[in-house]
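Spelled out from the first residue to the last, the chains are:
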Amino acid sequence: MPTKYATSLIVLHWLTLLLLILAYGTIQLRDFAQPGSWHGYAIAITHVTAGATVLLTMMLRIVLRIRKHTPKIIPTPPRWQTALSHLTHACMYGLFIAIPGAALLSRYFYGGEWSLYGLPMPHAEVENTKMWKGFIRWHTILAPLGYWLIALHAAAALVHHYIFRDNTLLRMMPSRRQS
Ligand code: HEM
Ligand code: HEM
C-alpha cells in the first residue's frame, strides 16, 4: 500500500499553493502601481492568469482524488479529526473553485474582447451590469476567506507533524522517503 499521495496530487497541491501566493500577492501589490502603468498591467495579468490556473488545478485534483489511492494516516487519528479534515478539504475545493469561477463569470458578463493565456475568451454580446457586478462582488467577499482557510489547514498540518507526530505531512511531501 502506498504511504504517500500520488506524485501528480503532490505536485498539484504545492503548485496550487504557489499560484495562490501569486494571486493573493498581486492583490497586496496592486496599490503600489500607478493606474494605467505597465506595473499595474503586469500585476493584473499575473492575478488573472494565476487565479484562472488555480481553477484548472483544483478541477484536475478532484478527478485525481477520485481515481488515486488516499494513503492512510499512521497512527490513525480519532474520527472527529478525520471528519474535520474532510470538511476542510471540501471547503478548500469549493472555495478555490468559486473564487476564480465568480471572477471569470464576471469578466464574461462584462462583455468586450479579452484573452487568457493569450487565447481569446468567450464573452457576453452586450454588457450585463447587474451580473458582472454581482459576480465580482462575490469574488471580493469570498477571496479573503481563503487566507483563513489556508492558515487553518497549514496550522493543522504542522500540529499533526510536530505535536501528534503522525505521518500526515510526510504523505504530502515531495521527498522520496517513505513514512
Ligand atoms: C483563486 C484565485 C483568485 C484569488 C485567491 C483571488 C483573490 C482576490 C482578492 C483577495 C481580491 C481583493 C478583494 C478585495 O478587494 O477585498 C481580488 C480582486 C480581484 N480579482 Fe481576484 N482572485 C482570484 C482569481 C481571479 C481571476 C481568475 C480573476 C479574473 C478573471 C480575478 C479578478 C479580480 C478583479 C478584477 C479584482 C478586483 C475587484 C475589485 O476591486 O472590485 N481574480 N482577487
Ligand atoms: C503551507 C501550506 C500548506 C500545507 C503545510 C499543507 C499541507 C497539507 C497536508 C499535510 C495535506 C495532507 C492532509 C491529509 O491527507 O489529511 C494536505 C492536503 C490538502 N491540501 Fe494542503 N497544505 C498547504 C496549502 C494548501 C493550499 C493553499 C490548498 C489550496 C487549495 C490546499 C489544499 C489541500 C487539499 C484540498 C488537500 C486534500 C488532499 C488533496 O485533495 O489533494 N493546501 N495539505
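The structure we're discussing is the one just above.
Okay, so let's go over this structure. (Residues numbered from 1 in each chain as written. Chains lettered and ligands numbered in written order. Predicted model: local features only at pLDDT ≥ 70, side-chain atom pairs only at ≥ 80, totals over all residues. Heavy atoms only, no water.)

Remarks on the overall build of the protein chain
Line of reasoning, step 1. Looking only at helices and strands, the protein chain has four helices and two strands in total.
Line of reasoning, step 2. Counting from the amino terminus, helix and strand elements in the protein chain follow one another as α-α-α-β-β-α.
Line of reasoning, step 3. Buried positions account for 34% of the 179 residues belonging to the protein chain.
Line of reasoning, step 4. Accessible surface, the protein chain as shown: approximately 12,000 Å² in total, 70% of it carbon and sulfur.
Line of reasoning, step 5. Here the protein chain carries 16 positive and 5 negative side-chain charges, and the mean point of each set is 21 Å from the other. (Helix = DSSP H or I, 4+ residues; strand = E, 2+ residues; numbered from the N terminus. Buried < 20%, exposed > 50% of the residue type's maximum accessible area, 1.4 Å probe, protein only. Areas by Shrake-Rupley, 256 points an atom, 1.4 Å probe, with all protein chains shown as cover. Lys, Arg positive; Asp, Glu negative; His and termini not counted. Charge placed at Lys NZ, Arg CZ, Asp CG, Glu CD.)

Observations concerning the coordination of the iron atom of ligand 2
Line of reasoning, step 1. For the iron atom of ligand 2, the protein coordination sphere consists of His13 (NE2) and His153 (NE2), at 1.9 to 2.0 Å.
Line of reasoning, step 2. Metal-centred angles of 88 to 179° between the six donor atoms at the iron atom of ligand 2 mark the site as octahedral. Within this pair, whereas His13 is found in helix 1 (residues 7–29), its partner His153 is found in helix 4 (residues 129–164), the two being separated by 140 residues in sequence.
Line of reasoning, step 3. The exposure class assigned to His13 is buried, which follows from its relative accessible area of 14%. (Donors = N, O, S within 2.8 Å, 3.2 Å for Na, K, Ca; no water. Tetrahedral: all angles 85-135°; square planar, octahedral: opposite > 155°, others 65-115°.)

Observations regarding the environment of Lys68
Line of reasoning, step 1. Inspection of the secondary structure assignment puts Lys68 in the loop between helix 2 (38–67) and helix 3 (79–110).
Line of reasoning, step 2. If we skip the residues at most four places from it in the chain, Lys68 touches Ala6, Ser8 and Leu9. (Contact = heavy atoms within 4.5 Å.)

Considerations on the site of ligand 1
Line of reasoning, step 1. What surrounds ligand 1 is a group of 17 residues, the closest being Ile27, Arg30, His47, Ala103 and His139.
Line of reasoning, step 2. Between ligand 1 and the protein, one listed contact pairs an oxygen atom with a side-chain N or O atom of Arg30 at 3.0 Å.
Line of reasoning, step 3. At 2.8 Å from a nitrogen atom of ligand 1 is found a side-chain nitrogen or oxygen belonging to His139.
Line of reasoning, step 4. For the shell around ligand 1, the secondary structure elements donating two or more residues are helix 1, helix 2, helix 3 and helix 4.
Line of reasoning, step 5. It is helix 2 that provides the largest number of residues to the shell around ligand 1, a total of five residues.
Line of reasoning, step 6. The residue inventory of the shell around ligand 1, partitioned by class, reads twelve nonpolar, four polar and one charged. (Near = heavy atom within 4 Å. Polar contact = N/O pair within 3.5 Å; in protein donor to acceptor, adjacent residues only side chain to side chain. Nonpolar A, V, L, I, M, F, W, Y, C, P; charged D, E, K, R; others polar.)

Description of the coordination of the iron atom of ligand 1
Metal coordination angles have textbook ideals: 109.5 degrees for a tetrahedral set of four donors and 90 or 180 degrees for an octahedral set of six.
Line of reasoning, step 1. With distances of 2.0 Å, the protein atoms coordinating the iron atom of ligand 1 are His47 (NE2) and His139 (NE2).
Line of reasoning, step 2. Because the angles between the six donor atoms bound to the iron atom of ligand 1 fall within 87 to 180°, the donor set is best described as octahedral. Taken together, the residues span a long stretch of sequence, with His47 in helix 2 and His139 in helix 4 at a distance of 92 residues.
Line of reasoning, step 3. Using a relative accessible area of 22% as the deciding quantity, one classes His47 as partly exposed.
Line of reasoning, step 4. Judged by relative accessible area, His139 falls into the buried class, the value being 13%.

Comments concerning the packing of helix 1 against helix 4
Line of reasoning, step 1. Between helix 1 and helix 4, the shortest axis-to-axis distance is 12 Å and the interhelical angle comes to 135°. For the element pair helix 1 / helix 4, the angle class is oblique. In the crossing of helix 1 with helix 4, the sense of the turn from one axis to the other is left-handed. On helix 4, the residues that touch His13, Leu20, Tyr24 and Gln28 of helix 1 are Ala143, Gly146, Tyr147, Ile150 and His153. (Axes fitted to C-alpha atoms, helices over the stretch in contact; angles between N-to-C directions. Parallel < 35°, antiparallel > 145°, perpendicular 65-115°, else oblique. Left-handed = near helix turned anticlockwise from the far one by under 90°.)

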